[in-house]
Structures are given as structure tokens and as C-alpha cells.
Amino acid sequence: MKILVEDVQYIAKLAKLSFSEEQAKKMAMEFESILTHFESIDKFDLSDIHLDLYSEALQPVLRKDETAVFPDKEKLFQNVKSMSDTSIMVPKILE
Amino acid sequence: MSFETVIGLEIHAELHTRSKIFCSCATTFGAKPNANTCPICLGLPGTLPVLNEEVVNLAVKAGTALNCHINKLNKMDRKNYFYPDLPKAYQTSQYDLPICKGGHVDIEVDGMKKRIRLNRIHIEEDAGKLIHLEEQPVSLIDYNRVGVPLIEIVTEPDLRSVDEAVTFLRTLKAILEYGEISDCRMEQGSLRCDANISMRKTGQDTLNTKVELKNINSFKELQKALEKEEKRQRELYTFGEESKIKQETRRWDSAKGKTVPMRTKEDAHDYRYFPEPDLVPIIIREEQIVSIKESLPEMPAQKKERFARQYGLTEKEVDIIIGDKALSQYYEALVLLGAAPKAAANWILGDILRLLKEKELEADLIPVRPDALYRLIQIIAEGKISITAGKEVFEAMFITGKSADAIVEEKGLSQISDSVELEKIVEGILDSNPQSLKDYAAGKTQAAGFLMGQIMKASRGKANPQVTKELLDSKLKERLE
Ligand SMILES: [Zn+2]
């Protein structure tokens, strides 16, 4: 799968990150090699394999529906820049 | 040329769990801002989410009640976007393997039954709440709602009118309520709805450009928002200007009473969905589905049929009572105590609904318990107070929370059925109205009516009319002999 520098810049924009042309070029190459690897997995013919049949072997990981209070609220919000009472205060957000 | 409306709905319902979807924070509404938060729901680095088993149970229950296929193997995905109500910068949701596929809901509009197909139901987490302060340059964030479990129910574009859409939402709400899947408090945002609406020439089966309406929190808003948008699109089609309809998202602004554009699809977010690496796939066993199916309580459609048959109520009466789970429970409690089915329905459809509306209360907050109302019904049946007085007593019970007996006593409303006391009054009136007595003897029967009025007046309305009438008749007879 061909990955262009523009693809990298588009994803970077969505992720609110910025890269130099050089960095983006390097990343395009890395993306491409990772995705090529996935493509080779995609080539396996799995049409006669039904995932539902394998679910017997899988174990669900779940927790009980029980509540607990996280006690140290001060620590929890220690990185918040500004609070108004217990609300987090940020610059006005318009839609 | 005629046009038809094509509507599809996406409904978000908060699931009825004690704790959040991936952590143990409580889901209670109305807590102090950010009281129900922890490192997991705030998405702090180094934390791991673990799925709440009750979320799976309730989603399967919803799927069962809505006739869906349950995907025994399904998984969570990350939906990435930046917005301050989402501390992780992604919402954990389901993309290509949702917990339920297909399904349907049967609705009835103007006596016509119609099946509305569902596309899917998936589970996801709710986002936080932003409070925009009017006169200050800041917004406040409350993350209590972050991680509250939701199901999103997506319909096929099968709805053909605003009425059908509203009826569908009502029917769905009742199913979720009766199934104890969600508490569906629209005013608290635990049931919300987005609507997609487009128009086409009648008979076509293409889907034209649709407009998405978001942020709908009540039936009235759904109705108004859809009606406005339907009218706008219909006019554009009628004048051949349908190209002016843009694929866009409009937000219902309840204060302005109209929809306002939110964002166009051109610059819509690319959500870059990918499988959630912190969670293992969700596995549902056949036994689990069977046991959930068996535990499903009576659904509104069955209840409706039973109410009509068992209690002999009219369709309209049944619709109103069943339409609200709390009302139907109240009704059955009342009947179970011994109230006549028709009388119980009259109390609910009359005074109870009127007072709930006046006091702006929901039906699960009726301040008079069914046994307290039943006591009042008994007092009336025994002839201790009149029906009119009974209504007055009920209103006082509703407001003060006092018992029927206490209010009857306080207001001195009990009817005089005691014959000794009544006899004194009747004799007194007959003694002081000799002319009426003469008129009566002369065959003027309306004189008896006058005397009856005098007695009621003397007793200040407390004389039991039935007993008084009998007593007066016999006394008149005695005096004429
Ligand atoms: Zn939490």
C-alpha cells in the first residue's frame, strides 16, 4: 500500500500534530512497511472460518457492576490549569 | 407531483447500571461536578479499562426486546476526535462488529400497524458536559457523565412521517423502560435522539440528500424540529430547488425554536476508527442470551393487550396508562388492592394526570401512594364523603401528603349518615316550613326538592344525599297521614 507524504500530513492534521517534510517522508516509509505487513496477513483466505465458533475458547474479561469512589480528587486534578469550585475551567468553547 | 418524507433515527439511551462502563465510578445524575471521576474515566496514562458485565447484559436485553441478532463475538473500537467533553480524545464505541444487528419495532399510527427495521445497536461511553457561561470568556467542564454506558440504536430509514417518528420514539422508550434497560429520563438527557430527514418523489426508492438534526431531548422537540425541516425541504422540492438542500448537521435550539447549522459534512471529522487495544473482544454465550430472554419482563405490546382484556378499558385509556411505566404500575397496584378497574382508571386519567401536570411532576413521583388512594376510594364507597368532596380530599392529599381520613376530619367533610343527627335536622326543617308541607300535600312534588335543599343547607352540605332523601320521604309520609 502506497503511503504519500500528504497522507501523513493529513493524519497529522487530524491528530493536531505537525511534522517537517523530512519527518513526514520518514514516517510515510514506516507507515508503508507496517501496512504492507498487514496486507500480507489479509491475503490469508479466512472465508471458511467463523469467529463465532472460536468464541468458546475465548474468555470474557468483565467486572461486576459495583461502585467505588476514587478518594484523592486533589491528586486527580493536579494537572488541571484552572478550576471553578469543582468544575474545570477552560477558554470559552464555541460549537 | 407528490413527495414523501424519509426519516431515520439514532437514539442514545443511558443504560441502567450502578457504575460506569469501564470503571467503578457511580452513574448517579446530579452529583457535584467531577465527583464521579477517577483516573480511568479521565483517561490518565497507565490506566486500563475493564468492561462492566451489566452493560453487556443490558445491551443483550435491549437486543432481545427489539428482535435483533446478537453478535456473540463483538468488540470495542476507538472513535477519535478532539473535543473538551472527551478527556481521552477518543470515545470507546463499536464500529464494524456491534453487539446487535438488525431487529425491528412494531408501531401503530392511526390504527395502522407498521414494522420499523433497525440497522444495529452498539454500546459506547457517554461524553462529559460543557457549561457555557453567558457573560464570561470561559466554559466549565463536568466529567461526571464521561463513561456512563450508552446504547445507540440506529433505525433504517423506514419512517415516512413526523408522526411515525414520534410514535416510534414513544414505543421504543416504553420498551426500554419496561425492560428496565434505561430509565429514559429525557429531561436529564438519559434518552436522546438524532434524526435524519430527506425527501423524495413518492414511489421512488432512492435516498436523497439528508439533513441530520441533533440534540433532541423531548417528543415535542422531535416533532417541531422534524416538522420545520420537512416543510423547508418540501418547499424546495416543490419549486425545483432541491439542489439547495445540503448534507449538513443542524442542531435543534429549543430556546430559538428552530434548527441552526452545526457543521457541513465536507469538513466533518474523519474519526479514524481502530480496534480498542486495551479491551479484549466481548464474548456472549448462548446460555446467557437464553437466560436474558427468559428474564425479560412483560413488554408494552403484551401489557396493552392484557390490560384491555383483563380490565375492560378502552384503547385510549390503555394507551395513556401503558404509555408511562410508572402510571401502569400505579394502576395495577390500585386494582390489586381491590379498586374497581374502571374507577381506578378514572382516578388516574382524571385527577392524577391533572395534578401531575399542574405540579410538573413525573408519574413516578405521585405523592399519594396507591394504598392511600385506595383508602380514599373506600371512604367514598362507604358514603362517608361525596365524590365531589373526594376529589377535594385527593387534591389535599396530593399537596400535603396527609391521609384521606386526616383530611376528611380536618376539613369536616364527612357526610352525616347517622340517622339520629339527620332526623333532628329533617324534623327542624319540616317544622319551620309548614307552607311547603301544605304544597306537598296538595300534590306539588317540587316542594320536596325545596325541603331537600333546605336540609342540605342546614347540614352545610354534609348530609348524605341518599340517606337524607329516604328519611325525608318517610317523614313526609308520616306527617301527611
Ligand atoms: Zn471513573
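Residues numbered from 1 in each chain as written. Chains lettered and ligands numbered in written order. Predicted model: local features only at pLDDT ≥ 70, side-chain atom pairs only at ≥ 80, totals over all residues.

1. Considering the domain arrangement of chain B
All names here are of chain B.
Turning to step 1, where the next piece is worked out: Taken domain by domain, chain B consists of domain 1 (8–201 + 266–290), domain 2 (297–411) and domain 3 (419–480).
Turning to step 2, where the next piece is worked out: Using C-alpha coordinates to define each centre, domain 1 is positioned 35 Å away from domain 2.
Turning to step 3, where the next piece is worked out: Each side of the interface is counted separately: domain 1 has 9 residues, and domain 2 has 7 residues.
Turning to step 4, where the next piece is worked out: Here the side of domain 1 that touches domain 2 takes 5 residues from helix α2 (residues 162–178), the largest share from any one element.
Turning to step 5, where the next piece is worked out: Here the side of domain 1 that touches domain 2 is built from residues that sort into 4 nonpolar, 1 polar and 4 charged. (Domains from an automatic or database assignment. Contact = placed C-beta atoms within 7 Å. Helix = DSSP H or I, 4+ residues; strand = E, 2+ residues; numbered from the N terminus. Nonpolar A, V, L, I, M, F, W, Y, C, P; charged D, E, K, R; others polar.)

2. Describing the packing of helix α1 (residues 5–14) of chain A against helix α2 (residues 21–42) of chain A
Residue and element names in this part refer to chain A.
Turning to step 1, where the next piece is worked out: Running from amino to carboxyl end, α1 crosses α2 at an angle of 100 degrees, the nearest separation of the two axes being 8 Å. Classified by the interaxial angle, the pair formed by α1 and α2 is roughly perpendicular. Every residue of α2 that contacts α1 at Val5, Asp7, Val8 and Gln9 is listed here: Ala24, Lys25, Met27, Ala28 and Phe31. (Axes fitted to C-alpha atoms, helices over the stretch in contact; angles between N-to-C directions. Parallel < 35°, antiparallel > 145°, perpendicular 65-115°, else oblique.)

3. Remarks on the confidence of the model for chain A
Turning to step 1, where the next piece is worked out: For chain A, the average pLDDT comes to 88, and 92% of its residues sit at 70 or higher.
Turning to step 2, where the next piece is worked out: The least confident element of chain A, judged by mean pLDDT, is helix α3 (residues 51–54) of chain A at 66; the most confident is strand β1 (residues 62–63) of chain A at 96. (pLDDT = per-residue confidence, 0-100.)

4. Observations concerning helix α11 (residues 404–411) of chain B
Residue and element names in this part refer to chain B.
Turning to step 1, where the next piece is worked out: Within α11, burial applies to Ala404, Ile407 and Val408. Viewed along the axis of α11, the buried residues span an arc of 100 degrees, placing them on a single side of the element. Residues of α11 that are exposed and point more than 90 degrees away from the buried face comprise Glu409 and Glu410.
Turning to step 2, where the next piece is worked out: The inward-facing, buried residues of α11 abut α9 (370–381) and α10 (387–400).
Turning to step 3, where the next piece is worked out: Looking one or two residues past α11, Gly412 carries a phi angle of roughly 60 degrees, positive in sign. (Buried ≥ 20, exposed ≤ 12 C-beta atoms within 10 Å, placed from the backbone. Arc of directions from axis to C-beta.)

5. Brief notes about the sheet that holds strand β11 (residues 138–142) of chain B
Turning to step 1, where the next piece is worked out: Spatially, 4 strands are ordered β2(A)-β3(A)-β11(B)-β10(B) in an open sheet, and the strand pairing comes out antiparallel. Of all the strands in the sheet, the pair left with one neighbour each is β2 (83–84) of chain A together with β10 (129–132) of chain B.
Turning to step 2, where the next piece is worked out: Relative to strand β3 (residues 87–91) of chain A, β2(A) runs antiparallel, the two sharing 2 bridges. The partner of Ser84(A) across the bridge, within β3(A), is Ser87(A). (Pairing = 2+ DSSP bridges.)

6. A closer look at the interface of chain A and chain B
Turning to step 1, where the next piece is worked out: Contact with chain A, which involves 27 residues of that partner, is made by 39 residues of chain B.
Turning to step 2, where the next piece is worked out: If you list the elements that add at least two residues to the side of chain A that touches chain B, you get α3, β1 and β3 of chain A.
Turning to step 3, where the next piece is worked out: By residue number, the principal contributor to the side of chain A that touches chain B is β3(A), which donates 5 residues.
Turning to step 4, where the next piece is worked out: Tallied by class, residues from the side of chain A that touches chain B come to 14 nonpolar, 5 polar and 8 charged.
Turning to step 5, where the next piece is worked out: Sheet topology note: the β1(A)/strand β2 (residues 51–52) of chain B ladder contains 2 bridges and is parallel. Bridge pairing links Leu62(A) to Leu51(B) in β2(B).

7. Describing the pairing of β11(B)
Across a regular strand the side chains alternate sides, sitting on one face of the sheet and then on the other.
Turning to step 1, where the next piece is worked out: Here 4 bridges tie β3(A) to β11(B), and the two strands are oriented antiparallel to one another. Considered in β11(B), the bridge of Met89(A) is made with Leu140(B).
Turning to step 2, where the next piece is worked out: Two elements, β10(B) and β11(B), share 4 bridges in a ladder whose sense is antiparallel. Bridging from a neighbouring strand, Ile131(B) pairs with Leu140(B) of β11(B).
Turning to step 3, where the next piece is worked out: Count of turn residues in the β10(B)/β11(B) antiparallel hairpin: 5 residues.

8. Focus: unusual backbone geometry
All names here are of chain B.
Turning to step 1, where the next piece is worked out: Positive phi, close to 45 degrees, is recorded for Arg272, a residue that is not glycine.
Turning to step 2, where the next piece is worked out: Examined against the element boundaries, Arg272 turns out to sit in the loop between β16 (258–264) and β17 (274–275).
Turning to step 3, where the next piece is worked out: Classification of Arg272 by C-beta neighbours within 10 Å gives partly exposed; the count is 13.
Turning to step 4, where the next piece is worked out: Despite not being glycine, Glu360 has its phi angle at roughly 50 degrees, a positive value.
Turning to step 5, where the next piece is worked out: Secondary-structure assignment places Glu360 in the loop between α8 (341–358) and α9.
Turning to step 6, where the next piece is worked out: Accessibility expressed as a C-beta count within 10 Å gives 6 for Glu360, which makes it exposed.

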